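# Descriptive analysis of the structure
Chain by chain, the residues:
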Amino acid sequence: MGRLPFPMAKTELVPGTLTLLILRVLQTGPLHGYAIALRIGQLSSDVLQVEEGSLYPALQKMLMKGWLKADWGVSDTNRRVRSYRLTPAGKKQLETELADYRNVNRAIESVLKLA
Amino acid sequence: MSQLLRRIWYRVNRRRIEREMAEEMAYHRELIPEQNRLGSDWRAIETTREVWGWGWLDRLTQDLRYGTRLLLRSPGFTLTAMLVLGLGIGVPVTVFRQVAAELHATTAPDPATLVSLSRRAPGMRSTVMSYPELTFYAANAQSFRQVIGISQTYQATFESGETVRLQFVTPNYFQEFGLAVSAPLGESALVSESLLQHRPDVVGQTIRLNGRPVRVAGVVPRTPRLRADVWMAFERQPYVIEGSSVLTDWSATLDGYARLRTGVSSAAAEQETHALGSALHQMHPKDVPADAYLEARPILQFDPASSEFQVAATASGMVMLLLVAACANLGILVLARGVAREREIRTRMALGAGRRRVVRQLFTESILLAAVSGVTALALSSIALKAIELRSDAGTVPSGAPGWLSIGATAILAMVAATVFGLPAAVRLTSLVPAGGRMRSVFLGAQVAASCLLLVISSLMVSSVQRLRHVDAGFDYRQLLYVSPGLKAHGYNGTSAQAYFDQLHAVVARAPGVESASIVWLAPWGNSHSGAAWQGHQLANNHVDAQFLDTMGIPVIRGRNFRVGERRIAIVTQATARTLWPGEDPLGKILPWDTEGTTVIGVVRDVATTAIGGANPLEFYLPIATGEFPDSMLLVRTSGTPKELLHTLEGAARGLDDRLQPAGRALSDDYDRELSKITQALTVVSFLGAVAVLLSAIGLAGLAGYTVVQRTREFGLRMALGARAAQIVRAILSPMFRPIAVGFVCGVAGGSAAAKILRSGMAGIGETGFSPLSYVAVLLLFGIVVALAVLAPARRALQISPAKALQHE
C-alpha cells in the first residue's frame, strides 16, 4: 500500500478508493467493520481514517455487488459482530481495481516528474 | 441477474438489515474515541438505501402518501378534478371501446386481401352478381384464392308458420368472414344464435323450411353484420324455394366478394377479369355485355380523401378536443390551487428541497389525480355503454367489464393528461421568477377554443337536423308502401312475372284506400342501387312503369311521361340535366354513355328517390323491361295508413301464388330509421357540446377564484379606498378577456370547418350553409357561462373586508 499521491485531510478519502482499501485489507482474512477501519488507519499511520458513516454504506454496496459475504459471529468482548470476507468475485474485483489504480498512479507520477 | 435478486432480497428484508447495520455502527462508535463520533445513523441508512437502488421507491411512496393526504384534505378540488378529467378521458374511452368492439365484430380476418366485387361494363356498374358468373370467376380467375357469394335475404316459413330470414351463401363465406360456425354448411342449414334462443333444441334436428325437411347442422355466432336467421348453400336454393333458378339465371342477385391470392393487388385482379369477362361474353353474348369485367375494391380502404375517413377523423378529433379542454381546465385548477399552496412550496424549497424534488412531488399528485380520474372514466364509460345498450337494439355494445385494451388506453390517456396539465403547472409553481400568468392564459385560451369548437359543431348539427325534420322529401313518402313478391326466387321468367304483376296491379287497384300503383324495379330509398358513372359523376337509375311519377307524386317539368311499350327513352331529374348538358335543352339528348341511343323525353323535379335527402339527385329513369319484372315490386300510394294496407298487399301477392313469401314495407319506416340514425349521432354531438360547456364553466370559475385569492390584498385595499363593485369585477375579468376572445375566435372558426366535414358524411343533412343564428346562440350561451362562472368568486371578492385583506398573505 503506497502513500497516496496527494495530501489530504485526515478523514477524507479519494472517492472510489475506499472500496479498493476495503478489498485489500480483507484479502488477508475476514474482518468486522470496526477492524476494517482500524486496519486501514494503522496501515496508513493514521493518515487515512474511515468514518463509519461511509464505511457501512460502502460495505452494503459491496454486498450488493456480490464482492463480499457477511456472517454474524461473536467478538473477543462477547459482542455480536458481523465479519466480512471476500468472495471469488471480490478477489477478481480487487485485482482489477488494483491494476487500474496503479495505472492511474503511474501516469500521475510521470506527469509530476516531467512537469 | 444475481445482483437483481440480491436487491430484491434486500428490499424484502430491509428492516432487519437496517437494524443490523445500526447495531454494527453502534458497536463501532463505542470503540472509537468520543471526539471522532461523527455523522448519524440515519444518514448512513439513507445512503445505504440509495446504494441498493431503492431510493426512488421510497421517494415515490412518500410522494404518493403525501399526495393522497392532500387530495383527501380538499375533497372539493379532488371531486371537481375527478369529474372534469373523468369526463375528458371517459368520452374518448367510451368511443374507443365502442369502435373497437364494432371493428372487432365487423371486420373479416386479414381484411387487406378481402375485396368486394362489382360488375362493370362501359356505362354500367352493378354491385350485385349472378351465381353462374360467380362460379365462372371462381373457377377461372387466378388472382382470387376464394370467391364468396352472399344472397339477399328471403322470407321463409319456419316449421308451421313463423317467418324467418333465409340467406344463401357459398360454404367458404363463414371462414372468410371470420364467423366461427359450429359445423360446416354442407347440405344442411345453420341457424343464428337469436333463432336458437326461441328454439334451443333445433341443432341436430330436422326442421321444415317452406315445408321442406332440412337438417340443422350448427350455429352461427351473433355479430351485427348478420341479417338472417337461417343459412344454406346456394345449391340448396331450388330445394327450399320452389321454382328457383338461381343456379342457372344470369341476372344478378347476389353480393360477391373475393380473397386475393398472396401478393396480388386488387388492380392486378381487376386486370385479369377483363380477359375473363371477354371470354364470358363470347360464351354467353346474350347474358354478359361486351367488355364486362369485375371491379375489385378492398373492403377496408383508408383513403384519406374519402368522406368516411374525414368524418371519422373529425369525430375522433372532436372527442380528443374534449380531453384537451379537460386538461387545460385542470391545468388552471392546479395552478389556482398551487397559488394557495405557494407558502408550503416556498417553505419546502427553503428547507433545502431541490426544485426537481418539489416538481416531482407536485407531478406525483397530478398522476394520482389522473389515476383516480382514469378509474372514474372507466366507470363512466361502462355506465354510458350500458345506457346505449339499453336504448339500441344493436348487438355491438361492449357493455360489461372493460377489457385490457381499454384499460391500457385509459392508462395512456390519463398519463398524457397528467403530463399536459400537471407538469407545466408544477414547473411554473416552483419557479422563482414571479408568475407572469402566461401559462394561465394558454390554458384558458386552449380550453375556451376547444369548448367553443364543440359548441359550434353541436349547435350547427342540431339546427341542421331541425331543418331536416321539416325538409320536403319532394314527394309524400308517408302515403307510400311497396310489396316485393320475390318472383325471381321462384323461377318466374320475364313474361310470367309481367303477367303476375298485371294481375296483382288489377287486384290491388281495387283495394280500398289505394290511389295509385306502379311497378318498379328497385324500391325507392331501398338498399339496392343501380346506375351509371360518367365523367366522375355517379348517377343512379331505376326502371319504372308509366304510373311511377303519378304514384310518387313527382311533377314533370318539361317533356312528357313514359307510354306503355316505349323503348330506349329516359326521364331525367333537373340535376341530371344540369350536370350532363349544362345550359342546353336536355330533351332529345342521348345519354352520353349509352350505346343504344337512349333519348331523354322528359325532365322531372329534383327528387331523391334512390337515397334519402340527397340535395342534388343525379337520377334518371328508364322504362321497365320484361327482363326486369322477376325482380320488381309493386309501389302503392294509399289515402289511408300504409301500415294497415301492408297486410292486404302481402295477402294479395300471396293470393296469386301461394308459394311466394312477399315482403312489404312502408317508405316512412326507411325515412324514420335514417332519421333516427342521424338523431342518435346528434344526441352524441349535443352531449359533447354540453360537456364542453360544463368544463368551461368549471375552468372559468376556477380561474376567477384563483385571481381573487391571488389579489385579495389588492382588492381589499381598493375597496377600502372606495372602489366600486364594477371596477373590482372588471379587475377579475380583465386578465381573462384576451385568452377568452382568442380562444373563442379560434374555436368558432375551427368549429364551422369541422361541421362542414361532418355534414358532408351524413346523408340527409346536406349543405345547409351558414347559419348565423347558431353562432349568435353560441356567443350568448358562452357569455352566460362566463357570467355564471365568475359570479361566485366576484361575490367573494366584494365581501373581502379590508382589515382581513391586510392580514392576508
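Calculation notes
Residues numbered from 1 in each chain as written. Chains lettered and ligands numbered in written order. Predicted model: local features only at pLDDT ≥ 70, side-chain atom pairs only at ≥ 80, totals over all residues. Heavy atoms only, no water. Helix = DSSP H or I, 4+ residues; strand = E, 2+ residues; numbered from the N terminus. Buried < 20%, exposed > 50% of the residue type's maximum accessible area, 1.4 Å probe, protein only. Contact = heavy atoms within 4.5 Å. Areas by Shrake-Rupley, 256 points an atom, 1.4 Å probe, with all protein chains shown as cover. Buried area = accessible area lost by both parts, 1.4 Å probe. Salt bridge = Lys/Arg side-chain N within 4 Å of Asp/Glu carboxyl O. Polar contact = N/O pair within 3.5 Å; in protein donor to acceptor, adjacent residues only side chain to side chain. Pairing = 2+ DSSP bridges. Axes fitted to C-alpha atoms, helices over the stretch in contact; angles between N-to-C directions.

Turning to the overall build of chain A, a few remarks are in order. Helices and strands together make up the secondary structure of chain A, namely 4 helices and 3 strands. Sequence-ordered secondary structure for chain A, helices as α and strands as β, is α-β-α-α-β-β-α. For chain A, the residues scored as buried account for 39% of the 115 residues in total. Considering only contacts in chain A between residues 6 or more positions apart, those separated by 24 or more positions represent 50%. Total accessible area on chain A is roughly 6800 Å²; 54% of this is exposed by carbon and sulfur atoms.

Another aspect to go through is the interface of chain A and chain B. Every contact between the two is made by 25 residues of chain A and, on the other side, 23 residues of chain B. Taking both sides of the interface into account, the surface hidden between chain A and chain B amounts to around 2200 Å²; carbon and sulfur atoms contribute 56%. Interface area lost by chain A to chain B is led by Tyr 34, Glu 52 and Met 64 of chain A, which between them contribute 32%. Inspection of the chain A/chain B interface yields 4 salt bridges. The partner of Arg 80 of chain A in a salt bridge is Glu 23 of chain B, with the nearest N and O atoms 3.2 Å apart. Taken together, the links from chain A to chain B amount to 10 residue pairs in polar contact (both at pLDDT 80 or more).

Residues and elements named next belong to chain A. If you trace the 3 strands from one edge of the open sheet to the other, you get E1-E3-E2, paired in antiparallel fashion. A single partner strand is all that each edge strand has here, and the edge strands are strand E1 (31–32) and strand E2 (68–74). Pairing between E2 and strand E3 (residues 80–86): 7 bridges, direction antiparallel. Within E3, the residue paired with Ala 70 across the bridge is Tyr 84. Helix H1 (residues 17–26) rests against E1, E2 and E3 of the sheet, and its axis sits at about 95° to E3.

Before going further, it helps to examine the pairing of strand E14 (residues 530–534) of chain B. Residues and elements named next belong to chain B. Here 2 bridges tie strand E2 (residues 124–126) to E14, and the two strands are oriented antiparallel to one another. Among the inter-strand pairings, Arg 125 is bridged to a residue of E14, identified as Gly 531. Pairing analysis gives 5 bridges linking E14 to strand E15 (residues 537–544), with the strands arranged antiparallel. Each residue of the ladder has a partner; that of Ser 530, found in E15, is Asn 541. Linking two consecutive strands that pair antiparallel, namely E14 and E15, is a turn of 2 residues; a positive phi of about 50° is found at Gln 535 within it.

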